[in-house]
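# Observations on the three-dimensional arrangement
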Amino acid sequence: MPPQIGYLLPTRERVMEGRPETAPLLELAARAEGLGFDSVWVGDSLLARPRHDPLTLLAAVAARTRKVALGTAVFLPALRNPVVLAHQLATLDHISEGRLVLGVGIASDLPNIRAEFAAAGVPFEGRVGRMMEGLRLARALWTGKPVDWQGRWPVQGGMLGPKPYRAGGPPIWMAGSVRPALERAARHFDGWFANEADLGRWKQQWAEVQQIRREAGRDAGQFVPAIYMTLAIDEDAGRANQRIDAFLENYYGQPAAAMRRRQACFAGSREGAAEFVRAFVAAGATHVIVRLVGDSNRQLETVAGFRAQLGK
(Lines give C-alpha, C1' and ligand atoms only; values in the text may rest on other atoms or scores of the structure.)
Protein backbone atom coordinates (compact mmCIF):
# COMPACT_ATOMS: atom_id res chain seq x y z
CA MET A 1 0.00 0.00 0.00
CA PRO A 2 1.28 3.52 -0.76
CA PRO A 3 2.14 5.58 2.32
CA GLN A 4 0.21 8.62 3.37
CA ILE A 5 1.82 11.80 2.05
CA GLY A 6 1.77 15.15 3.80
CA TYR A 7 2.80 18.63 2.71
CA LEU A 8 4.45 21.24 4.94
CA LEU A 9 3.12 24.71 4.20
CA PRO A 10 5.98 27.22 3.63
CA THR A 11 5.06 29.54 6.50
CA ARG A 12 8.63 30.28 7.55
CA GLU A 13 9.78 30.72 3.98
CA ARG A 14 7.05 33.21 3.13
CA VAL A 15 7.81 35.31 6.21
CA MET A 16 11.52 35.30 5.34
CA GLU A 17 10.67 36.44 1.80
CA GLY A 18 8.55 39.31 3.10
CA ARG A 19 5.37 37.66 1.79
CA PRO A 20 3.41 36.79 4.94
CA GLU A 21 -0.04 36.92 3.30
CA THR A 22 -2.08 33.91 4.35
CA ALA A 23 -4.40 33.62 1.34
CA PRO A 24 -1.68 32.00 -0.83
CA LEU A 25 -0.91 29.54 1.97
CA LEU A 26 -4.55 28.54 2.20
CA GLU A 27 -4.63 28.10 -1.57
CA LEU A 28 -1.62 25.76 -1.33
CA ALA A 29 -3.39 23.72 1.35
CA ALA A 30 -6.48 23.40 -0.83
CA ARG A 31 -4.27 22.56 -3.82
CA ALA A 32 -2.54 19.78 -1.88
CA GLU A 33 -5.90 18.30 -0.92
CA GLY A 34 -7.07 18.49 -4.51
CA LEU A 35 -3.95 16.63 -5.67
CA GLY A 36 -4.62 13.79 -3.26
CA PHE A 37 -2.26 14.60 -0.41
CA ASP A 38 -3.35 13.05 2.87
CA SER A 39 -2.24 15.79 5.25
CA VAL A 40 -1.14 19.42 5.53
CA TRP A 41 1.37 20.54 8.16
CA VAL A 42 2.58 23.77 9.75
CA GLY A 43 5.78 24.42 11.71
CA ASP A 44 6.10 26.24 15.02
CA SER A 45 8.32 28.96 16.45
CA LEU A 46 7.72 32.15 18.40
CA LEU A 47 10.89 34.21 17.86
CA ALA A 48 13.72 31.88 16.83
CA ARG A 49 12.34 31.28 13.33
CA PRO A 50 9.44 33.73 12.91
CA ARG A 51 6.38 32.38 11.15
CA HIS A 52 2.60 32.25 11.41
CA ASP A 53 1.05 30.86 14.58
CA PRO A 54 0.41 27.20 13.70
CA LEU A 55 -2.88 26.65 15.51
CA THR A 56 -4.50 29.80 14.17
CA LEU A 57 -3.39 29.02 10.63
CA LEU A 58 -4.53 25.39 10.87
CA ALA A 59 -7.96 26.58 11.93
CA ALA A 60 -8.17 28.53 8.67
CA VAL A 61 -6.88 25.51 6.73
CA ALA A 62 -9.53 23.37 8.39
CA ALA A 63 -12.21 25.71 7.10
CA ARG A 64 -10.82 25.53 3.54
CA THR A 65 -10.43 21.74 3.36
CA ARG A 66 -12.59 18.70 4.00
CA LYS A 67 -10.48 15.55 4.04
CA VAL A 68 -6.80 16.15 4.75
CA ALA A 69 -5.40 15.60 8.21
CA LEU A 70 -3.97 18.77 9.77
CA GLY A 71 -0.73 18.59 11.71
CA THR A 72 2.08 20.44 13.44
CA ALA A 73 5.65 19.67 12.33
CA VAL A 74 6.61 20.12 15.02
CA PHE A 75 4.95 21.97 17.87
CA LEU A 76 6.74 23.03 21.08
CA PRO A 77 4.21 22.44 23.87
CA ALA A 78 6.70 23.39 26.59
CA LEU A 79 6.34 27.03 25.50
CA ARG A 80 2.61 27.04 26.30
CA ASN A 81 0.41 26.78 29.35
CA PRO A 82 -1.08 23.28 28.94
CA VAL A 83 -4.54 24.21 30.22
CA VAL A 84 -4.82 26.99 27.65
CA LEU A 85 -3.27 24.73 25.01
CA ALA A 86 -5.67 21.86 25.75
CA HIS A 87 -8.58 24.25 25.22
CA GLN A 88 -7.14 25.57 21.94
CA LEU A 89 -6.45 22.08 20.59
CA ALA A 90 -9.89 20.79 21.56
CA THR A 91 -11.48 23.69 19.70
CA LEU A 92 -9.24 23.15 16.65
CA ASP A 93 -10.12 19.45 16.69
CA HIS A 94 -13.80 20.45 16.53
CA ILE A 95 -13.23 22.93 13.71
CA SER A 96 -11.48 20.19 11.71
CA GLU A 97 -13.97 17.51 12.80
CA GLY A 98 -11.29 15.24 14.19
CA ARG A 99 -8.56 15.75 11.59
CA LEU A 100 -5.91 17.19 13.93
CA VAL A 101 -2.55 15.47 14.57
CA LEU A 102 -0.16 17.01 17.09
CA GLY A 103 3.48 16.50 16.18
CA VAL A 104 5.58 17.61 19.15
CA GLY A 105 9.23 18.09 20.06
CA ILE A 106 11.49 19.55 22.72
CA ALA A 107 13.45 21.99 20.45
CA SER A 108 17.14 21.96 19.58
CA ASP A 109 19.75 23.40 21.93
CA LEU A 110 20.71 26.52 19.97
CA PRO A 111 21.27 30.11 21.22
CA ASN A 112 18.26 31.56 19.38
CA ILE A 113 15.98 28.82 20.70
CA ARG A 114 17.24 29.28 24.26
CA ALA A 115 16.46 33.00 23.82
CA GLU A 116 12.97 32.11 22.61
CA PHE A 117 12.29 30.06 25.74
CA ALA A 118 13.62 32.87 27.94
CA ALA A 119 11.36 35.38 26.18
CA ALA A 120 8.38 33.10 26.85
CA GLY A 121 9.34 32.85 30.52
CA VAL A 122 10.05 29.11 30.27
CA PRO A 123 13.24 27.53 31.67
CA PHE A 124 14.98 25.78 28.78
CA GLU A 125 16.61 23.09 30.91
CA GLY A 126 13.24 21.91 32.21
CA ARG A 127 11.55 21.69 28.83
CA VAL A 128 11.28 17.88 28.68
CA GLY A 129 9.55 17.61 32.04
CA ARG A 130 7.24 20.52 31.23
CA MET A 131 6.31 18.97 27.90
CA MET A 132 5.59 15.53 29.33
CA GLU A 133 3.59 16.79 32.29
CA GLY A 134 1.76 19.35 30.16
CA LEU A 135 0.67 16.73 27.63
CA ARG A 136 -0.48 14.38 30.39
CA LEU A 137 -2.54 17.21 31.84
CA ALA A 138 -3.99 18.06 28.43
CA ARG A 139 -5.01 14.44 27.91
CA ALA A 140 -6.64 14.37 31.32
CA LEU A 141 -8.63 17.49 30.47
CA TRP A 142 -9.62 15.99 27.10
CA THR A 143 -11.59 13.29 28.89
CA GLY A 144 -14.25 15.90 29.64
CA LYS A 145 -14.26 14.82 33.30
CA PRO A 146 -13.29 16.96 36.31
CA VAL A 147 -9.52 17.02 36.80
CA ASP A 148 -7.56 17.49 40.02
CA TRP A 149 -3.88 18.05 39.27
CA GLN A 150 -1.00 18.72 41.62
CA GLY A 151 2.08 19.79 39.72
CA ARG A 152 3.47 22.74 37.81
CA TRP A 153 -0.10 23.77 36.95
CA PRO A 154 -2.42 23.06 39.89
CA VAL A 155 -5.98 22.30 38.80
CA GLN A 156 -8.89 21.75 41.18
CA GLY A 157 -11.96 20.12 39.69
CA GLY A 158 -11.13 21.62 36.30
CA MET A 159 -13.43 20.55 33.49
CA LEU A 160 -12.74 21.42 29.87
CA GLY A 161 -15.56 22.05 27.46
CA PRO A 162 -15.96 21.14 24.78
CA LYS A 163 -13.74 18.09 24.88
CA PRO A 164 -12.08 17.27 21.54
CA TYR A 165 -14.09 16.00 18.58
CA ARG A 166 -11.99 12.82 18.50
CA ALA A 167 -12.37 10.64 21.60
CA GLY A 168 -9.31 11.07 23.80
CA GLY A 169 -8.09 14.05 21.81
CA PRO A 170 -5.81 14.33 18.78
CA PRO A 171 -3.08 11.71 18.33
CA ILE A 172 0.35 12.88 19.44
CA TRP A 173 3.50 12.05 17.47
CA MET A 174 6.83 12.57 19.23
CA ALA A 175 9.79 13.88 17.22
CA GLY A 176 13.40 12.96 17.77
CA SER A 177 16.17 10.53 16.91
CA VAL A 178 18.06 10.10 20.20
CA ARG A 179 17.26 7.22 22.52
CA PRO A 180 15.25 9.24 25.09
CA ALA A 181 13.03 10.59 22.29
CA LEU A 182 12.47 7.07 20.98
CA GLU A 183 11.53 5.96 24.49
CA ARG A 184 9.05 8.81 24.89
CA ALA A 185 7.47 8.13 21.51
CA ALA A 186 7.19 4.38 22.00
CA ARG A 187 5.95 4.37 25.59
CA HIS A 188 3.66 7.36 25.74
CA PHE A 189 2.47 8.57 22.35
CA ASP A 190 0.74 7.60 19.12
CA GLY A 191 3.53 8.04 16.58
CA TRP A 192 7.21 8.68 16.05
CA PHE A 193 8.16 11.69 13.96
CA ALA A 194 11.71 11.43 12.60
CA ASN A 195 13.86 13.68 10.43
CA GLU A 196 16.82 11.37 10.00
CA ALA A 197 19.28 11.83 7.15
CA ASP A 198 20.64 8.30 7.06
CA LEU A 199 18.30 5.49 6.03
CA GLY A 200 20.33 2.90 7.91
CA ARG A 201 20.09 4.84 11.15
CA TRP A 202 16.36 5.34 10.56
CA LYS A 203 15.89 1.57 10.21
CA GLN A 204 17.82 0.98 13.43
CA GLN A 205 15.81 3.62 15.29
CA TRP A 206 12.51 2.22 14.03
CA ALA A 207 13.56 -1.25 15.21
CA GLU A 208 14.32 0.25 18.64
CA VAL A 209 10.92 1.96 18.78
CA GLN A 210 9.16 -1.30 17.91
CA GLN A 211 11.13 -3.22 20.55
CA ILE A 212 10.33 -0.65 23.24
CA ARG A 213 6.64 -0.83 22.34
CA ARG A 214 6.63 -4.61 22.54
CA GLU A 215 8.30 -4.50 25.94
CA ALA A 216 5.73 -1.94 27.10
CA GLY A 217 2.88 -4.16 25.88
CA ARG A 218 1.53 -1.50 23.52
CA ASP A 219 -0.44 -2.24 20.36
CA ALA A 220 1.90 -1.82 17.40
CA GLY A 221 -1.00 -1.57 14.95
CA GLN A 222 -2.12 1.80 16.30
CA PHE A 223 1.28 3.49 16.06
CA VAL A 224 2.48 5.69 13.16
CA PRO A 225 6.15 5.81 12.05
CA ALA A 226 6.49 9.11 10.16
CA ILE A 227 9.42 10.69 8.34
CA TYR A 228 9.86 14.39 7.57
CA MET A 229 12.04 15.26 4.58
CA THR A 230 13.07 18.16 2.37
CA LEU A 231 12.94 17.72 -1.42
CA ALA A 232 14.25 19.94 -4.22
CA ILE A 233 13.08 18.24 -7.41
CA ASP A 234 14.69 19.28 -10.70
CA GLU A 235 15.98 17.25 -13.63
CA ASP A 236 19.09 19.43 -13.45
CA ALA A 237 20.76 17.90 -10.38
CA GLY A 238 23.30 20.71 -10.06
CA ARG A 239 20.58 23.33 -9.99
CA ALA A 240 18.57 21.28 -7.48
CA ASN A 241 21.57 20.99 -5.16
CA GLN A 242 22.33 24.69 -5.38
CA ARG A 243 18.72 25.44 -4.54
CA ILE A 244 18.49 23.15 -1.53
CA ASP A 245 21.86 24.31 -0.15
CA ALA A 246 20.83 27.97 -0.39
CA PHE A 247 17.50 27.14 1.23
CA LEU A 248 19.04 25.28 4.18
CA GLU A 249 21.66 27.94 4.85
CA ASN A 250 19.11 30.75 4.68
CA TYR A 251 16.56 28.88 6.80
CA TYR A 252 18.86 27.63 9.57
CA GLY A 253 21.83 30.00 9.40
CA GLN A 254 24.17 26.99 9.35
CA PRO A 255 26.27 25.35 6.62
CA ALA A 256 24.15 23.33 4.23
CA ALA A 257 26.48 20.34 4.49
CA ALA A 258 25.93 20.18 8.24
CA MET A 259 22.15 20.32 7.87
CA ARG A 260 22.15 17.65 5.17
CA ARG A 261 24.03 15.32 7.53
CA ARG A 262 21.28 15.81 10.14
CA GLN A 263 18.08 15.94 8.12
CA ALA A 264 16.53 13.79 5.41
CA CYS A 265 17.14 15.80 2.22
CA PHE A 266 17.13 15.04 -1.48
CA ALA A 267 18.01 17.20 -4.48
CA GLY A 268 17.67 15.86 -8.00
CA SER A 269 15.34 14.29 -10.52
CA ARG A 270 11.75 13.20 -10.15
CA GLU A 271 12.74 9.53 -10.31
CA GLY A 272 15.51 10.07 -7.80
CA ALA A 273 13.09 11.78 -5.40
CA ALA A 274 10.60 8.93 -5.79
CA GLU A 275 13.32 6.39 -5.02
CA PHE A 276 14.51 8.40 -2.00
CA VAL A 277 11.01 8.45 -0.53
CA ARG A 278 10.33 4.82 -1.51
CA ALA A 279 13.39 3.64 0.44
CA PHE A 280 12.02 5.02 3.71
CA VAL A 281 8.59 3.57 2.95
CA ALA A 282 10.12 0.15 2.29
CA ALA A 283 11.89 0.47 5.65
CA GLY A 284 8.56 0.98 7.42
CA ALA A 285 7.54 4.64 7.24
CA THR A 286 3.77 4.90 6.77
CA HIS A 287 3.43 8.69 6.68
CA VAL A 288 5.86 10.91 4.75
CA ILE A 289 5.77 14.69 5.25
CA VAL A 290 7.55 16.66 2.54
CA ARG A 291 8.95 20.17 2.66
CA LEU A 292 9.36 21.31 -0.94
CA VAL A 293 12.06 23.69 -2.18
CA GLY A 294 11.27 25.60 -5.36
CA ASP A 295 8.04 26.37 -7.18
CA SER A 296 5.36 25.11 -4.79
CA ASN A 297 2.66 24.22 -7.29
CA ARG A 298 5.02 22.44 -9.67
CA GLN A 299 6.67 20.48 -6.88
CA LEU A 300 3.28 19.49 -5.43
CA GLU A 301 2.23 18.15 -8.80
CA THR A 302 5.48 16.22 -9.15
CA VAL A 303 5.12 14.49 -5.79
CA ALA A 304 1.46 13.75 -6.46
CA GLY A 305 2.51 12.24 -9.78
CA PHE A 306 4.89 9.67 -8.29
CA ARG A 307 2.88 8.91 -5.16
CA ALA A 308 1.30 5.77 -6.63
CA GLN A 309 4.78 4.31 -7.19
CA LEU A 310 5.80 4.53 -3.54
CA GLY A 311 4.11 1.37 -2.31
CA LYS A 312 5.59 -0.82 -5.03
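Rules and cut-offs
- Residues numbered from 1 in each chain as written.
- Predicted model: local features only at pLDDT ≥ 70, side-chain atom pairs only at ≥ 80, totals over all residues.
- Heavy atoms only, no water.
- Phe/Tyr/Trp six-rings, centres within 6.5 Å; stacked < 30°, edge-to-face > 60°.
- Helix = DSSP H or I, 4+ residues; strand = E, 2+ residues; numbered from the N terminus.
- Buried < 20%, exposed > 50% of the residue type's maximum accessible area, 1.4 Å probe, protein only.
- Salt bridge = Lys/Arg side-chain N within 4 Å of Asp/Glu carboxyl O.
- Contact = heavy atoms within 4.5 Å.
- Pairing = 2+ DSSP bridges.
- Right-handed = clockwise from strand over helix to strand, strands pointing away.
- Core = buried A, V, L, I, M, F, W, Y, C linked by side-chain atoms within 4.5 Å.

Considering all chains together, one arrives at 15 aromatic pairs under this definition. Aromatic pair W192 and W202: ring centres 5.4 Å apart, planes at 25 degrees, arrangement stacked. Here W192, found in strand β8 (residues 191–194), pairs with W202, found in helix α8 (residues 199–216); they are ten residues apart in sequence, far enough to count as distant. Given a relative accessible area of 0%, W192 falls into the buried group. For W202, a relative accessible area of 0% translates into the label buried.

Moving on, we come to the pattern of salt bridges. Counted according to the given criterion, the structure contains 18 salt bridges. A salt bridge links R114 to E125; the shortest N-O distance between them is 2.6 Å. Of the two residues, R114 is situated in helix α5 (residues 111–119) and E125 in the loop between α5 and α6 (127–141); the sequence distance between them amounts to eleven residues. For R201, the salt bridge goes to E196, with nearest N and O atoms at 2.8 Å. Under the relative-accessibility criterion, R201 is labelled partly exposed at 38%. Note on E196: relative accessible area 5%, which makes it buried.

Turning to its location among the elements, G43 is positioned in the loop between β2 (39–42) and α3 (54–64). Between the alpha carbons of G43 and P54 there is a distance of 6.4 Å; along the sequence they are eleven residues apart. The contact partners of G43, leaving out residues within four places of it in the chain, are L8, T11, R51, H52, P54 and A73.

Okay, the pairing of strand β7 (residues 172–175) next. The two faces of β7 match: I172 and M174 on one face and W173 and A175 on the other face are all buried. The sheet contact formed by β7 and β8 spans three bridges and is parallel. Considered in β8, the bridge of M174 is made with W192. Running through helix α7 (residues 179–188), the crossover from β7 to the neighbouring parallel element β8 is right-handed.

We now examine the nonpolar core. Within the largest apolar cluster, 83 residues are counted, with the highest numbers of intra-cluster contacts made by L9, W192, W202, I227, M229 and L231. W192 has contacts with M174, G176, L182, A185, W202, Q205, W206, V209, F223, V224, P225 and A226, leaving out every residue within four places of it along the chain. Listed in part, the twelve residues of the second largest apolar core include A232, Y252, M259 and C265.

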